[in-house]
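Chains, contacts and geometry: an overview
One letter stands for each residue in the lines below.
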Amino acid sequence: MLHRGSAWDKIGCFTISNFLLEMQKNKKAMKFFQFIHDALQGKKPNKLIKWKTSKNYRFCFEYLEQIADSKNKSPEEFVTTVNEVIGHLFSYLNKLMATKIEEIIGSNVSKNKDTKLRNISTEEITRKFEVPSQLTALFFGNNVKKDNMSNVKIEKLLDHLSFPLLISTFLAGATLASTRVLYQNRKLLNDFAEHLGKNRHQNKALYLTDTLRDKNGVSNSLSGKLKEVQKADLPIDFLICHSDIAPEPHLFVVRPISSFSVPHYHDQEIRLPDLIEIARIFYEGGYDRIVCSTEGPMAVVSLFLQQMFNVPSYFFMHTDWIDFIKHGTDLTQYERDRVRRLLRALYNRYDGIFVLNTEHKSWLTDHEMQLEASKVFLTAHHTQPRDETIKAMQKSDIITDATDDTPILFVACRVSKEKGLFDLPEIIAKAKRNIPDLRLVIAGSGPATQELKQQLPEAVFLGWQNKEQLAALYLTLDLFIFPSKFDTFGNVILESFVHGMPTLAYNCKGPKDIIQHNINGYLVETIDEMANKVVEFFSNKTQRQLMKNNALVRALQYQAQPIMHQFMGDLGLDIPEHYTIKSNVTAIPCTSTNSFILAEVEYASCDNESIPLKTNNLTEKTVA
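A short tour of the structure in this document, coming up. Predicted, not measured: the structure shown is a model, and the values here were computed from it. (Residues numbered from 1 in each chain as written. Predicted model: local features only at pLDDT ≥ 70, side-chain atom pairs only at ≥ 80, totals over all residues. Heavy atoms only, no water.)

What follows covers the sheet that holds strand β7 (residues 313-316). Sheets are built from strands that pair by backbone hydrogen bonding, the pairs being arranged parallel or antiparallel. Read across the sheet, 7 strands follow the order β3-β2-β1-β6-β7-β8-β9 without closing on themselves; strand pairing throughout is parallel. Of all strands in the sheet, those bounded by a partner on one side alone are β3 (251-254) and β9 (376-378). Geometrically, the sheet is characterised by an average inter-axis angle of 25° between neighbouring strands, direction not taken into account. Bridge count between strand β1 (residues 205-209) and strand β6 (residues 289-292): 4 bridges; the pairing is parallel. (Pairing = 2+ DSSP bridges. Helix = DSSP H or I, 4+ residues; strand = E, 2+ residues; numbered from the N terminus. Axes fitted to C-alpha atoms, helices over the stretch in contact; angles between N-to-C directions.)

Put into structure tokens, the structure is as follows:
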């Protein structure tokens, strides 16, 4: 610890030395390493030893026999076999560990009936996140005994996992170290190739995410980004760990080693990926940078690949976890600071952070998070083209006693407390003083559905709606209301704008960067102001129509091409020649039949298709 070097160098040396000491004490692990050494020399393990070994570990000998057999074949086949066997061993050992952990946790729960895993909330975990009691006992003695989650008997857990844990850690560590040595001069070689003007390594990014094709906003935005990548054949490939999704062009799918659900968020499964398989995909795909979109297991994978291949890695922030915890839990400021410090340590490991609003960018670069301003990039989600085959419904199709003149508010989101939905009862009650026939339609599902139904008995709850169903609702209903104060962007705002529906939201984070106050929606500070704007919107038919037209215009400013251009530029990726931008003037039809809007619009050209991107110099003309 007194040796020269950075803090990370010292921590790394300390960890490796303790790992090697622990490994030397484990006779099974040392014996297995000897078997690996013999197999690499073409010598198979003794069959008697294989018969004496537990059934759980006999697969190890089968793989070692494959290595020994390949030693007598061509060098290429030998190398291929060794690489495949290492991947299979790592995957199987991790599955074995996951099974053992589930068994140990299950036995502990059955012994202690007061302990129920499903009752452990995220805030409880945060409160009890401390240094393990075994370490505190080492430094301070056993006199102090705390009621803490860390009092789980770690030594018992490690005794059950010691062999598979040591072997899988060794395999991952050896793979990382050996590959790191091969790629340690990557920057020098890239600079040299740039200087020569030839033999450049291709610029290509692997985009890691824990969610895709799931029922949440992050998944929807990433699905849209993937669709644009596939359409334009951009140098970005996505990778997701999932049990059911099928691979697609520009999308790799790895199957999870294990998976579990977080209490209160059962619709979002946490899946543990195969680290070595993802490393193989990265190597074979010739990628030279990484993007990660979620703070789950894929964040660990992205940092592993960063160190392994000596490549830059970037993080795309979708969620402000501090604000989420503030509005969704009862954690104290001190407890929230624990989470903030962990996030700061995580984000500082990346070469760049992408954020979705100016407020979030300022927070990351100020004294709380202390990220370098040059590492934080402002970006945005983009809209999806409207499906012209989807038409508006009759309001009576949604609410039986409604007419076409019935004023109806619409909200679509996950039904949970952090979304601000429990402001709606008071907002609706105050607005109804002036608009007695005001109605509310809610699309979405979540843990707070039943509680919200009790507080809004007259509201219509539609449950989860797919993209086509949402489009019809946007076209049919009047005003989108967005009461969330923690969302970093608000994809649903753009979705409503694409279909000509104005939005009412609080003046915070994502909404204030999208909504233009009194032009295509409203930005307010309080519940009273929100109720007043509802009344104002339905009291002025002319303004209502103008706002709908302006929403359509605003949606054009969030098309995919310019946003992806900026995103790829910040990543350092080369933009394909066919993916270019030009300018022109277009006529945007109004929802009324006798007018249109002339706008100077920037276009992107993709495969000879011109798509509107950004509007300027707006003027409205009336058709004679």
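Among the structural elements, serine 496 can be located in helix α19 (residues 491-498). As a C-alpha pair, serine 496 and valine 411 span 85 residues in sequence and 10.0 Å in three-dimensional space. Ignoring anything within four residues of it in the chain, the contact list for serine 496 reads Tyr474, Phe480, Met501 and Thr503. (Contact = heavy atoms within 4.5 Å.)

With respect to the helices and strands, arginine 200 occurs in the loop between α9 (186-196) and β1. The exposure class assigned to arginine 200 is partly exposed, which follows from its relative accessible area of 44%. In this structure, the C-alpha to C-alpha distance between arginine 200 and asparagine 190, residues 10 residues apart in sequence, is 6.6 Å. Among all residues touching arginine 200, those that are not within four sequence positions of it are Ala193, Glu194 and Asp574. (Buried < 20%, exposed > 50% of the residue type's maximum accessible area, 1.4 Å probe, protein only.)

Looking now at the pattern of salt bridges. The tally for this structure, following the rule as stated, stands at 21 salt bridges. Of the charged contacts, one joins aspartate 214 and arginine 271 as a salt bridge, the two residues approaching to 3.4 Å between their closest N and O atoms. Of this pair, aspartate 214 sits in the loop between β1 and α10 (217-232) while arginine 271 is found in strand β5 (residues 265-272), placing the two residues 57 residues apart along the sequence. Side by side, aspartate 214 and arginine 271 carry an identical accessibility label, which is buried. A network of salt bridges, in which partner residues are shared, links Asp320, Asp323 and Lys509. (Salt bridge = Lys/Arg side-chain N within 4 Å of Asp/Glu carboxyl O.)

Looking now at the sheet that holds strand β11 (residues 439-443). Here we have 6 strands laid out as an open sheet, ordered β12-β11-β10-β13-β14-β15, and parallel in their pairing. Of all the strands in the sheet, just β12 (460-463) and β15 (521-524) have a single pairing partner and so form its edges. Taking each pair of neighbouring strands and ignoring which way they run, the sheet shows an average axis angle of 20°. Note: strand β10 (residues 408-412) against strand β13 (residues 479-482), 2 bridges, orientation parallel. The residue bridging leucine 409 from the neighbouring strand is leucine 479, located in β13. Sitting on the sheet, helix α18 (residues 467-476) touches β10, β11, β12 and β13, and the angle it makes with β10 is about 155°.

Further remarks concern the packing of helix α16 (residues 424-431) against helix α21 (residues 527-539). At a minimum axis separation of 8 Å, α16 and α21 run at an interaxial angle of 45°. Between α16 and α21, the angle falls in the class oblique. Seen along the crossing, α16 lies across α21 with a hand that is right-handed. Where α16 approaches α21, its residues Glu426, Ile427, Lys430 and Ala431 are matched on the opposing element by Ile527, Asp528, Met530, Ala531, Val534 and Val535. Its residues assigned to classes, the contact of α16 with α21 comprises 7 nonpolar, no polar and 3 charged. (Parallel < 35°, antiparallel > 145°, perpendicular 65-115°, else oblique. Left-handed = near helix turned anticlockwise from the far one by under 90°. Nonpolar A, V, L, I, M, F, W, Y, C, P; charged D, E, K, R; others polar.)

Moving on: helix α2 (residues 27-40). Here α2 contains 14 residues, and its C-alpha end-to-end distance of 20 Å stays within 8% of the 20 Å for a straight helix at 1.5 Å per residue. Turning to α2, its buried residues number three or more, namely Ala29, Phe32, Phe33, Phe35, Ile36, Asp38 and Ala39. Positive phi appears at glycine 42, one or two residues downstream of α2, with a value of about 95°. (Expected span 1.5 Å × (residues − 1).)

A word on the layout of surface pockets. Empty space within the second largest pocket amounts to approximately 1,000 Å³. Along the walls of the second largest pocket sit 35 residues, with Val82, Asn83, Ile86, Thr175 and Ile276 positioned nearest its centre. Counting residues per element, the lining of the second largest pocket draws most heavily on helix α5 (residues 75-111), which supplies 12 residues. The class makeup of the residues in the lining of the second largest pocket is 21 nonpolar, 9 polar and 5 charged. (1 Å grid on protein atoms, 1.4 Å probe; cavity = no way out; pocket = protein on both sides within 12 Å on 5 of 7 lines; lining within 4 Å. Points joined across faces, edges and corners; volume = space filled by probe spheres on them.)

Turning to the packing of aromatic side chains, a few remarks are in order. All chains considered together, the criterion is met by 22 aromatic pairs. Measuring from centroid to centroid gives 6.5 Å for phenylalanine 480 and phenylalanine 482, while their planes differ by 25°, and the two rings are stacked. A single burial state applies to phenylalanine 480 and to phenylalanine 482, both of which are buried. One aromatic cluster is present, built from ring pairs that chain together Tyr207, Phe238, Tyr314, Phe316, Phe354, Phe377 and Phe567. Above the plane of the ring of phenylalanine 78 lies lysine 71, whose end atom (NZ or CZ) is 5.0 Å from the centre. Sitting above the plane of the phenylalanine 537 ring, arginine 544 keeps its charged end 5.9 Å from the centroid. (Phe/Tyr/Trp six-rings, centres within 6.5 Å; stacked < 30°, edge-to-face > 60°. Lys NZ or Arg CZ within 6 Å of the ring centre and 35° of its normal.)

Scope: geometric values only; no functional claims are made or implied.
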